[in-house]
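These are the residues of each chain, in order.
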Amino acid sequence: MSDLMKTYPILKIIDHGPGLRSLYFEKTFEVQPGQFINLWLPGVDEKPFSVSRITADFIEVSIKAYGPFSQAIMQCQPGQRLGLRGPFGRPFSWHNNALLIGGGIGIAPLRILGDTLSQKGFNFSYLIGAVTAHELLFPEEMKRQAATRIYTDDGSLGKKGRVTADIEQILDSEKIEFVYAAGPEIMFVVLKPILDQRRLPYEFCMERYMKCGIGICGQCVLDDSGIRLCVEGPVLNQDDLKQVTELGSVHRDASGRRVR
Amino acid sequence: MLKTRFFKAELETPFVLASGILGLTASSMIRVLDFGCGAVTTKSFNMEWRKGHKAPSILPFENGLLNAVGLSNPGADEMVREISQFKSRTNRPLFASIFGRTIDEFGQVAEKIVGLQPDLIEVNVSCPNVRSEFGRPFGDSPQDTAAITRLVKNIAGSHIPVSMKLGPHGPGIGLMAKACEDNGADAITAINTVGPGMLIDIDVRKPILANKTGGVSGPAILPIAVKSVYEVYQAVKIPIIGTGGVTTAADAIQMILAGASLVGVGTAVYERGIEVFHELAAGIENYMTTYGFKTIEDFRGLAHE
Ligand SMILES: Cc1cc2nc3c(=O)[nH]c(=O)nc-3n(C[C@H](O)[C@H](O)[C@H](O)COP(=O)(O)OP(=O)(O)OC[C@H]3O[C@@H](n4cnc5c(N)ncnc54)[C@H](O)[C@@H]3O)c2cc1C
Ligand SMILES: Cc1cc2nc3c(=O)[nH]c(=O)nc-3n(C[C@H](O)[C@H](O)[C@H](O)COP(=O)(O)O)c2cc1C
Ligand code: FES
């Protein structure tokens, strides 16, 4: 694929629950786990989305209903054409004995990562959480693939509590040599000191407002590092994050204003 | 070899990051300087923040970019904060790019930033992407452009140089540049994006940009930019920041031969990556060695002889 815009028909849609669905497109390009594409819904808008799976035949993106764009995606029908460009960004690196932590829609990029790690024969386990059961992506597929711990805020599936509730105990009782995490930023804020303290290497898949996806508009640049999340991210490791002072405190909106 | 003085600013290289490219925050601009760029220009800003147009707003095509960001910016107060941050972290050159929805607003924004001592105030009167909202750019009218030049120069005073950023459209860029010079401009930045243009998706049969039209930049506009700089050089004595389509060292050399003192680089940061400044520097040094030029001065404007 390329940075140029091209539209493709939606091959198939799977609704996981209210306001949570996966769209499938013909596989016309390669994607590495953690990379994202820009999805254009003609007449509406264009936004970045992690690729959640790739097979010999299709590319999958998984989308949660939120504001105007993602709500409009919930109305899409198979056959409808959407624009795809990318893949953009730096992918996850691959490690053995890893823990894959996903919160909410952040589970999406962990799915393609898990597929890749298992193809490589690496050991790993999942730790996933969401507000409630029907907001959890792929729990059954994950369980079939690896040991999977599930948390929901309301206890409707798995343990009741935040996905990070028992993290220290898990890290200290199991052979975990690498941690991947994707989800809301508060998760990274909780995890970072815990991982740093144990000197565990890690990669977080982050989000910032993105306009171009190609490293020129400056919208996604992180203080004070100058890292362009769309090019040098969205996956950042513990060394990259040393220079990032805005983690968990500010990000910038569509105008570039700082919001807390 | 490439060290360049521009008014009071000392640039390591004659390259200027063009406005709208990685120019929103101090951290972003400092990183670009660390990659060998000589000076940075901020994203153009006005008094009130603006979200800009919906996406797609920046669209690559085979020979460049089509963009209709819509002058999104966090507003003057936020940019004042970023420029102050920048100044507290480095003394390398920063050019502040300003615009206004009205002639008065250019003055208000200039008032906001003179205290920060930017190395230059660049006045954007030529953005082609906000027509539906603002009407024709001020830069299409010599009278309006003259009035804005006087207003901003008055506020900037003698110690902060003012560069008027022009487009290739309107009544002729040489004439426009002369109107700027006659009204106190210290420099001309030429050019802004070209067009506007449009690209259509042939399968959904709709314009791709949310704004439908957008300014063209990158390799596609190099010949227009070189010719514009050539024309401005003949029309005025003040220095030129030659911008538009510069992707390789040969492109940058053309700009200098046409008369540019500094070379603006925008889309090439996408085409070649943020490392592009090293590539440009190496190529120009090579050229200078080949022809025995000691400084950029030695070959500036030579295409006119
Ligand atoms: C690298 C990356 C990967 C992403 N992957 C997924 C994914 O796999 N699944 C998924 O459902 N969502 C993903 N998102 C979020 C997605 O891009 C949209 O932000 C989300 O769908 C909300 O958009 P909206 O218009 O519906 O809501 P809005 O109400 O417009 O926005 C809600 C919030 O989303 C964020 N947002 C809005 N627009 C953008 C934008 N252009 N770029 C970045 N953030 C924005 C802002 O923080 C905003 O406050 C990802 C974002 C990034 C940056
Ligand atoms: C994404 C994008 C945003 C831009 N934003 C601005 C802006 O805010 N103010 C401005 O004066 N020029 C803006 N420009 C124009 C550039 O500064 C430059 O004049 C033009 O792109 C031509 O140079 P290039 O071909 O090297 O990109 C923008 C260009 C691009 C591609
Ligand atoms: S989204 Fe434009 S630089 Fe990252």
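Residues numbered from 1 in each chain as written. Chains lettered and ligands numbered in written order. Predicted model: local features only at pLDDT ≥ 70, side-chain atom pairs only at ≥ 80, totals over all residues. Heavy atoms only, no water.

> Can you walk me through the sheet that holds strand E6 (residues 64-67) of chain B in this structure?
Two orientations exist for strands paired in a sheet by backbone hydrogen bonds: parallel and antiparallel. Residues and elements named next belong to chain B. Spatial ordering of the open sheet is given by E5-E6-E14-E11, a layout of 4 strands whose pairing is antiparallel. Single-partner strands in this sheet number two, and they are strand E5 (58-61) and strand E11 (194-197). Pairwise comparison of adjacent strand axes, ignoring direction, gives a mean angle of 30° for this sheet. Of the strand pairs in this sheet, E11 and strand E14 (residues 214-217) are connected by 2 bridges, and their pairing is antiparallel. Paired with Gly197 across the bridge in E14 is Gly214. (Pairing = 2+ DSSP bridges. Helix = DSSP H or I, 4+ residues; strand = E, 2+ residues; numbered from the N terminus. Axes fitted to C-alpha atoms, helices over the stretch in contact; angles between N-to-C directions.)

> What is the right way to look at the site of ligand 2 in this model?
Residue and element names in this part refer to chain B. Neighbouring ligand 2 are 23 residues, the closest being Ser19, Ser44, Lys165, Gly245 and Thr267. Asn124 places a polar side-chain atom, nitrogen or oxygen, 3.1 Å from an oxygen atom of ligand 2. Ile191 has a polar backbone atom sitting 2.8 Å from an oxygen atom of ligand 2. About the coverage of ligand 2: the protein hides 98% of its 610 Å² of free accessible area. If you map ligand 2 onto the pockets, it falls in the largest cavity. (Near = heavy atom within 4 Å. Polar contact = N/O pair within 3.5 Å; in protein donor to acceptor, adjacent residues only side chain to side chain. Areas by Shrake-Rupley, 256 points an atom, 1.4 Å probe, with all protein chains shown as cover. 1 Å grid on protein atoms, 1.4 Å probe; cavity = no way out; pocket = protein on both sides within 12 Å on 5 of 7 lines; lining within 4 Å. Sits in = over half its atoms within 2 Å of the grid points.)

> Can you help me understand the state of the cysteines in this one?
Such a bond, covalent and formed between the sulfur atoms of two cysteines, is termed a disulfide. The full count for this structure, using the stated rule, is 0 disulfides over all chains. The structure places no disulfide on Cys37 of chain B, whose sulfur is separated from the nearest cysteine sulfur, that of Cys212 of chain A, by 17 Å. (Disulfide = S-S within 2.5 Å.)

> Just checking my understanding: could you explain the domain arrangement of chain A for this structure?
Where interface size is quoted, it is often the accessible area lost as the parts come together. Residues and elements named next belong to chain A. Taken domain by domain, chain A comprises domain 1 (6-88), domain 2 (92-205) and domain 3 (209-260). For domain 2 and domain 3, the distance between their C-alpha centroids amounts to 23 Å. If you look at the interface, domain 2 gives 10 residues, while domain 3 gives 9 residues. Taken together, the links from domain 2 to domain 3 amount to 0 salt bridges. Remark: the boundary between domain 2 and domain 3 carries 3 residue pairs in polar contact (both at pLDDT 80 or more). Going through the elements one at a time, helix H5 (185-197) and strand E13 (202-205) are the ones with two or more residues in the side of domain 2 that touches domain 3. Residues that form the side of domain 2 that touches domain 3 fall into these classes: 7 nonpolar, no polar and 3 charged. (Domains from an automatic or database assignment. Contact = heavy atoms within 4.5 Å. Salt bridge = Lys/Arg side-chain N within 4 Å of Asp/Glu carboxyl O. Nonpolar A, V, L, I, M, F, W, Y, C, P; charged D, E, K, R; others polar.)

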